[in-house]
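# Overview (structure and organization)
Below, each chain spelled out in residue letters.
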Amino acid sequence: MLNYFKMYKFCFLIIIVSFLSSCYSLVDDEFENYEPIPVMNALLQADSTFCVQLSMSANLTDSAPTFISNAQVIIESTDNTPDTLIYAEKGWYVSSRTVKAGVTYTCRANIPGYAALNAQTTVPMPTVIDSVLFTDLALRGEEGEKISSVEFRVQNDLQALKFWRFELKIKGGGMHYDYDAEDFIESYYEEDGEFFIKPEQDSVFLYEPEPLSIFSNKKMKKNTHWVKFYINEHHNSFESGKDTFMIVLNSIDESLYKYQKQYYIYQSSGSPAIGSSQQNYNLYSNIKNGLGIFTGTSTTKKDVLLFQETK
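What this report covers is the structure whose coordinates are included nearby. Everything numeric here is computed off the predicted structure, so don't read it as measured data. (Residues numbered from 1 in each chain as written. Predicted model: local features only at pLDDT ≥ 70, side-chain atom pairs only at ≥ 80, totals over all residues. Heavy atoms only, no water.)

### Quick word on the packing of aromatic side chains
Each aromatic ring pair is specified by the distance between its two centres and by the angle formed by the two planes. Inspection of the entire model under this criterion finds 14 aromatic pairs. Here the aromatic rings of phenylalanine 163 and tyrosine 257 are separated by 4.8 Å at their centres, their planes lie at 45 degrees, and the arrangement is tilted. Here phenylalanine 163 is found in strand 12 (residues 163-178), whereas its partner tyrosine 257 is found in helix 3 (residues 254-268), with 94 residues between them in sequence. Three or more aromatic residues joined by ring pairs form one cluster here, namely Phe134, Phe152, Phe166, Phe195, Phe229 and Phe245. (Phe/Tyr/Trp six-rings, centres within 6.5 Å; stacked < 30°, edge-to-face > 60°. Helix = DSSP H or I, 4+ residues; strand = E, 2+ residues; numbered from the N terminus.)

Structure, rendered in structure tokens:
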């Protein structure tokens with residue numbers, strides 16, 4: 001299956017939230033309708049093919065966004081000749097060419113009746129993880145549960161701004177619940193793991209706004225930096241001695257860093273404290289003449305055996 005389907009949830013969320021960020025107030029249970037605005041979304045993943053989605057922003061009364069199928073989408077770079085993408089379905093324009101790390105890409109979308117959309121991103125080079133330290137029992141939680149810690153060291157470039165997004169995946173084989181089949185099945189599986197980061201005395205994370213799983217090297221003073229996170233045994237499902245977890249470190253463009261930090265503020269503003277009023281926070285967009293985000297990422301993965309002390 002083409003990889004643009006994997007990006008569907010990511011881009012659909014941006015389509016809806018990009019518009020909602022500008023009309024958050026409720027008056028007499030009615031929302032004012034606004035003229036739709038073109039939306040362009042693309043997450044250029046190194047070593048994957050090009051996928052760009054075009055749609056129109058949706059009003060709250062709309063059940064789904066309107067996808068654009070009659071546009072001309074062109075991606076240019078200094079690395080190759082211009083590439084005109086082919087329409088697939090549901091607003092997706094695709095190409096068989098492969099995204100390359102370290103290359104800057106410019107995208108232009110010509111939509112009849114609208115000013116051309118333009119955006120640019122540089123796909124970061126992947127970051128090297130050169131060391132990992134796992135501690136089985138690092139802390140005890142409020143209910144006495146075991147909390148493990150993991151530290152991994154990333155290589156840093158002091159001469160350039162770097163941005164990262166960190167994820168944790170749990171991998172294993174055996175019986176697990178398949179939500180599609182609605183039953184327990186035996187097979188290989190990979191699922192998201194839960195973790196948390198404590199700023200502690202780390203100047204990098206003391207400086208970073210939430211969420212801490214997305215961070216930069218703005219406060220890093222050396223060419224390497226240790227990142228530490230914690231795993232609560234009550235919040236993850238795994239089998240000791242069989243499962244492994246995988247550190248997934250995404251090197252991201254500054255545009256995705258800004259978008260996700262701003263999205264956290266936008267999402268948090270929906271649940272104000274008692275006595276305070278809701279606030280409006282527009283989402284970050286790097287699309288000229290439209291909404292959305294055109295950004296790039298490359299990924300580094302590191303497997304670590306669960307519950308085996310490593311250095």
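### Describing the sheet that holds strand 9 (residues 117-122)
Sheet architecture is open: four strands sit in the order 5-4-8-9, paired in antiparallel fashion. Edge positions in the open sheet fall to strand 5 (83-84) and strand 9, since each of these has one partner strand only. Bridge count between strand 4 (residues 72-77) and strand 8 (residues 104-110): six bridges; the pairing is antiparallel. Each residue of the ladder has a partner; that of valine 73, found in strand 8, is alanine 109. (Pairing = 2+ DSSP bridges.)

### Overview of the side chain of histidine 225
Along the chain, histidine 225 falls in strand 15 (residues 224-232). Taking relative accessible area as the criterion, histidine 225 reaches 16% and is therefore assigned buried. Apart from the residues lying within four places of it in its own chain, the contact partners of histidine 225 are Phe152, Arg153, Val154, Asp202, Val204 and Met220. (Buried < 20%, exposed > 50% of the residue type's maximum accessible area, 1.4 Å probe, protein only. Contact = heavy atoms within 4.5 Å.)

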